[in-house]
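Descriptive analysis of the structure
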Amino acid sequence: MPDDRLLLPVANPDTADRLLGTAIDVARDRSLEILVLSVVTVPVQLSLEQARRELEIDDRKALVDDAVEQSRANGIEATGRIRFARSAATAICGLAEDDSVSTILLGWRGRPRRQDVVLGSTIDAVLADAPCDVLVERLDEGPIRVSSLLVPVAGGPNTELAAEVAGSLARAREAHVELVTVTADRDDETVAEARELLDRTEPSLGAVESVERTVLAGPVVETIVDRTARHDVTVIGAAEGGFLRRVLVGSVPEAVGREADSTVIMARRNEPVSQALWRRLRDRVRW
């Protein structure tokens, strides 16, 4: 069975609608069904069977049902699930494995980093173990508008995925896209290589009416963060990690995710292990 679903875990009614808007735009463009999930985490003193019988889940069921109804009202096929599990991440990854999921979309509140935790314990675990692509959207206050998107370009499969997602959002909202890459200096050879990288990335957007390509020089994080102020949404690919060290998103995408003046979506492509190891042996570490 082909991977034809976008998995949308929901937990907070205050942020579910905003996350659902992104899910609908991506699902419509890619002809995906939306699978809405709410996970009931069960304490160890209860068996899962006891939890199913005894825990009150009316609010969760209402949240899932509302997201399914909104998806269908927007012309997207959608179904809902409630799962009881010891761990939200285990439930999310397990459902993605079992139910033909190509993409997981997670919401992130942008909280300060804690020791040994990058974005959050659940998000970190899903990024590490998901059998499919993962998108993480920073959930800011207020409604989201999408008239302009920024895609920082560093190369690799995560940059390609970020461009694909930006293209989906741009088509849904008739939005402008700026592809930007940052160099250490402005000599002719370096700028030419940077422009070639932008040229290679642009086809991943798909058909987008308004695309701008920009080469900037300066400190990477500061330069990208400054550029985010010109756009409504920034879509950035996760870093490619080193051969012996698993990197969940990488220092540059994480810093941009925390500091950007726009909504941020971080994108991580799922790669088979052998392919990922080969790429890491072949390439230098990127973001």
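Details of the structure are given in the entry above.
How each quantity is defined
Each chain carries its own residue numbering, running from 1 in the written order of its sequence. Selection of residues for local features in this predicted model requires a pLDDT of at least 70, selection of side-chain atom pairs for listing and counting requires 80 or more, and totals for whole chains, interfaces and linings are taken over all residues. Remark: hydrogens and water are excluded; side-chain values derive from all non-hydrogen atoms of the structure. Strands here mean DSSP runs of E at least two residues long; helices mean DSSP runs of H or I at least four residues long; both are numbered from the N terminus. Relative accessibility thresholds used throughout: buried, under 20% of the residue-type maximum; exposed, over 50%; partly exposed, between the two (1.4 Å probe, protein chains only). Working rule for contacts: check all heavy atoms of both residues, and any pair within 4.5 Å makes them a contact. Buried Ala, Val, Leu, Ile, Met, Phe, Trp, Tyr and Cys residues form a nonpolar core when they are joined through side-chain atoms within 4.5 Å. We define a salt bridge as a contact between a side-chain nitrogen of Lys or Arg and a carboxyl oxygen of Asp or Glu at a distance within 4 Å. Polar contact criterion, stated in full: a pair of N or O atoms within 3.5 Å, where within protein one must be able to donate a hydrogen and the other to accept it, and residues adjacent in sequence count only if both atoms are side-chain atoms. In this description, strands pair whenever DSSP reports at least two bridges between them. When the strands point away from the viewer, a crossover counts as right-handed if the route from the first strand across the helix to the second turns clockwise. Angles here are taken between N-to-C directions and fall from 0 to 180 degrees, while the axes themselves are lines fitted to C-alpha atoms, restricted in helices to the stretch in contact. A crossing counts as left-handed when the near helix is turned anticlockwise from the far one by less than a right angle, and as right-handed when that turn is clockwise. Only Asp, Glu, Lys and Arg are considered charged in this grouping, and only Ala, Val, Leu, Ile, Met, Phe, Trp, Tyr, Cys and Pro are considered nonpolar; every other residue, Gly among them, is considered polar. Pairs of cysteine sulfur atoms within 2.5 Å are identified as disulfides in what follows. The patches reported here contain residues having more than 30% relative accessible area and no salt bridge. Joining distances are 9 Å for like charges and 5 Å for nonpolar side chains (Val, Leu, Ile, Met, Phe, Trp, Tyr). A 1.4 Å probe and the Shrake-Rupley method give the accessible areas. Residues count as covered only by the protein chains that appear here. For the charge count, each Lys or Arg is scored as positive and each Asp or Glu as negative, with His and the chain ends excluded. The atom standing in for a charge is NZ when the residue is Lys, CZ when it is Arg, CG when it is Asp and CD when it is Glu.

Now for the overall build of the protein. A count of helical and extended segments in the protein gives 10 helices and 10 strands. Out of the 287 residues belonging to the protein, those deemed buried represent 53%. Across the protein, the fraction of contacts at a sequence separation of at least 24, relative to all contacts at a separation of at least 6, is 80%.

Leu8, Ile34, Leu149, Val177 and Val235 are the most contacted members of the largest nonpolar core, which totals 46 residues. Each residue touching Leu8, except ones within four places of it in the same chain, is listed here: Leu19, Leu20, Ala23, Ile34, Leu35, Val36, Leu37 and Leu105. Counting 36 residues, the second-largest nonpolar core is a separate cluster that includes Trp108, Val221, Ile224 and Val225.

What follows deals with the pattern of salt bridges. Summed over the entire model, instances satisfying the criterion amount to 17 salt bridges. What you see here is one network of salt bridges that share partners, running through Arg5, Glu33, Arg81 and Asp99.

Turning to the side chain of Asn158, a few remarks are in order. Mapped onto the fold, Asn158 is located in helix α6 (residues 157-173). Polar side-chain contacts of Asn158 include one of 2.6 Å to the backbone nitrogen of Arg269.

Of note in the backbone geometry, Ser31 takes a positive phi value of approximately 55° without being a glycine. Mapped onto the elements, Ser31 comes out in the loop between α1 (13-30) and β2 (33-41). Ser31 gets classed as exposed once you look at its relative accessible area, which sits at 63%. Even without being a glycine, Glu174 presents a positive backbone phi close to 50°.

This brings us to the pairing of strand β8 (residues 211-217). Judged from the seven bridges that link them, strand β7 (residues 176-183) and β8 form a sheet pairing that is parallel. Pairing of Leu179 across the sheet is with Arg213, part of β8. Viewed along the sheet, the connection from β7 through helix α7 (residues 188-201) into β8 turns out right-handed.

Turning our attention to the packing of helix α8 (residues 220-228) against helix α9 (residues 251-259). Between α8 and α9, whose axes approach to 10 Å, the crossing angle comes to 35°. Crossing hand, α8 versus α9: right-handed. For the pair formed by α8 and α9, the contact residues are Val220, Val221, Ile224 and Val225 on the first element and Val252, Ala255, Val256 and Glu259 on the second. Residues of the contact of α8 with α9, tallied by class, amount to seven nonpolar, no polar and one charged.

With their axes 8 Å apart at the nearest point, helix α4 (residues 88-98) and helix α5 (residues 121-129) run at an angle of 30° to one another. The two elements α4 and α5 cross, and the hand of that crossing is right-handed. Taken together, the residues of α5 that come into contact with α4 (itself represented by Ala88, Ala89, Ile92 and Cys93) are Thr122, Ala125, Val126 and Asp129. Looking at the contact of α4 with α5 residue by residue, the classes come out as six nonpolar, one polar and one charged.

With that out of the way, let us pick up α9. Within α9, burial applies to Val252, Pro253, Glu254, Ala255, Val256 and Gly257. Buried residues along α9 sit in contact with β4 (101-108), β5 (133-138), α8, β9 (233-237) and β10 (263-268).

A few words now on the state of the cysteines. Within this structure, the stated rule accounts for zero disulfides. Left without a disulfide partner, Cys93 is nearest to the cysteine sulfur of Cys132, which lies 7.6 Å away. The exposure class assigned to Cys93 is buried, which follows from its relative accessible area of 12%.

Once that is clear, we can look at the sheet that holds β5. Strand order in this open sheet of 10 strands is β3-β2-β1-β4-β5-β10-β9-β6-β7-β8, and the pairing throughout is mixed. Two strands bound the open sheet, and with one partner strand each, they are β3 (78-85) and β8. For this sheet, the mean inter-axis angle between neighbouring strands, taken without regard to orientation, is 25°. Both β5 and β10 contribute to a ladder of four bridges, which runs antiparallel. By the bridge assignment, Glu137 is partnered in β10 with Ile265. Its contacts with the sheet place helix α3 (residues 58-73) against β2 and β3, and it is angled at close to 160° to β3. With respect to the sheet, α7 is in contact with β7 and β8, its orientation differing from that of β8 by roughly 150°.

The next thing to look at is a negative patch on the surface. Residues Asp185, Asp187, Asp188, Glu189, Glu193 and Glu196 make up a contiguous surface patch of negative charge. Here Asp188 shows up in helix α7. Its relative accessible area of 69% is what places Asp188 among the exposed residues.

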